[in-house]
Amino acid sequence: MFSVSEVTKKIGVARSTLLYYERINLIDPERDPDNGYRVYSQDDLNRLVLLKQLQKAGLTLSECRRFLEGKPDIELVEERLTNIEQELVEMKMAKDLLRSIYHRFTGKNPPEEEVADLRKWHADFEKRAADAHYNWLQEMGFSAKEALYIRWVSRDMTNNKDYMEHFFKVFENMKRQGPGSKESTLKSFNSISDKDSINNILEVGCGTGVTSITLADACSATITALDNHQPFLDRFQKEVTKGGYENRVKPINMDMHDLDYPDGSFDLIWSEGSSYFIGFETALKQWKRLIRNNGYLFISDAVWLTDNPTEECKAYWDIEYPQISNPEERVNQAKELGYEVIDNFNLPRRDWKSFYMDMEETVAKQVKKHGMNKTFMDMEDEIRVDRNFGDEYGYVCLLLRKK
Ligand SMILES: C[S@@+](CC[C@H](N)C(=O)[O-])C[C@H]1O[C@@H](n2cnc3c(N)ncnc32)[C@H](O)[C@@H]1O
């Protein structure tokens, strides 16, 4: 048997709480016949422990009573279970946030088993509040460009400066920076019936400029080609000079978020695999004013080509591109935003295959040079996903006309 002070110590409840429970008949301790003091049995103690846990689970005292009387309200229990599960998710996110800050500011590498969690954490943050994620990354000391990469690829770059460097080194040495081909570019361009009216083109996210050169060969327009990665533009500029395109093709370093051109400046805006950096819908909205009336926008975006993607493939894309959609939805969004769909096709699988073959060869060369590291391992994983599940996703390619 236990005294009041023993119970308060053992259970961690105040004396006044204990007496209150008694007053409202939640417990009924016996009295010592010699001195009239309260004495608590082991059963009373168990009941008090249970009471405390039920309250922690969010039950009020009268709900606890029903439970203790063996008549629990099952609907209520279900509701509390859902709440607790939600709280656990939120607590986990808060813990990952603190962990992420800790790694960033101490410069300590996260243990291998935490890396996947951190990537997922970025992807979740991105899904829930894209702008807040972007701002937060900048507050953490990343440049705007780095922040954009992290938010979109959701890779764990938070503690690894080399990660980004190796990442760019691979793309700087590839033939192109995203899946595509000359044939696919021309397929869309040739669906423009009034090509003679195309005098001013803006290419957004041009990389090393393969597409701009293709367009320059296909028409006589002036092409402004922008990207925010200078080494891509340097390589592009060399091609421009070598091919004698200086008067018509102008690579420039500019952020696609800040396109400070007057309304209606371009007859055609071309964005091959680049709009996802600002988001498909945002791109359609923000770039519209730059296109002259009845002018064109080409845009391609990663989409599901199946309603039932394999679990592994889905898990991969959930992290790589949380906003991935499907062709129908992208077409509907374009229509809703005031564009007419002129051409709509899915980038052929062979374009993806040749992109990943190039990536595989380039990664292998970089591994020889620098040794294996996390960046190259992630890229090898990306290649493996494409090899195993490449039929499940693709690029929807839309040629749109501003209405
Ligand atoms: C997937 S690559 C596509 C490149 C090229 N269109 C192609 O198909 O080969 C995306 C390109 O967008 C560029 N980019 C990313 N964020 C950008 C930004 N905020 N402003 C301008 N360019 C950006 C990258 O440097 C990269 O060259």
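Not measured: the values here are computed from a predicted model.

Asks: What is the right way to read the site of the ligand from this model?
Replies: Arg176, Gly178, Gly205, Gly207 and Met256 are the nearest of the 22 residues found near the ligand. Listing elements by their share of the shell around the ligand, those giving two or more residues are α11 (210-218) and β4 (222-227). Here the residues of the shell around the ligand are counted per class, giving seven nonpolar, eleven polar and four charged.

Asks: Can you walk me through the pairing of strand β5 (residues 249-253) in this structure?
Replies: If a strand is regular, its side chains alternate between the two faces of the sheet. When β4 meets β5, the two strands line up parallel, connected through five bridges. What sits directly across from Asp227, in β5, is Asn253. As for the winding sense of the linkage, the β-α-β connection from β4 through helix α12 (residues 230-243) to β5 is right-handed.

Asks: Just to check I follow, could you spell out helix α13 (residues 280-288) for this structure?
Replies: Since one α-helical turn is 3.6 residues long, residues separated by three or four positions face the same way. Burial in α13 covers these residues: Phe280, Ala283, Leu284 and Trp287. Along the axis of α13, the buried residues cluster in a sector spanning 100°; they form a single face. Buried-residue contacts for α13 involve β6 (266-271), β7 (291-304), α15 (327-336) and β8 (339-346).

Asks: What is the right way to look at the pairing of β7 in this model?
Replies: β7 sits mainly inside the fold: ten of its 14 residues count as buried. The pairing of β6 with β7 spans five bridges and is parallel. Note that in β7 the partner of Ile269 across the bridge is Leu297. On the question of chirality, the crossover connecting β6 to the parallel β7 by way of α13 is right-handed. Pairing of β7 with strand β9 (residues 393-402), which is carried by nine bridges, proceeds in the antiparallel orientation. Following the sheet pairing, Val303 is matched in β9 by Gly394.

The rules behind each value
- Residues numbered from 1 in each chain as written.
- Predicted model: local features only at pLDDT ≥ 70, side-chain atom pairs only at ≥ 80, totals over all residues.
- Near = placed C-beta within 6 Å.
- Helix = DSSP H or I, 4+ residues; strand = E, 2+ residues; numbered from the N terminus.
- Nonpolar A, V, L, I, M, F, W, Y, C, P; charged D, E, K, R; others polar.
- Pairing = 2+ DSSP bridges.
- Right-handed = clockwise from strand over helix to strand, strands pointing away.
- Buried ≥ 20, exposed ≤ 12 C-beta atoms within 10 Å, placed from the backbone.
- Arc of directions from axis to C-beta.
- Contact = placed C-beta atoms within 7 Å.

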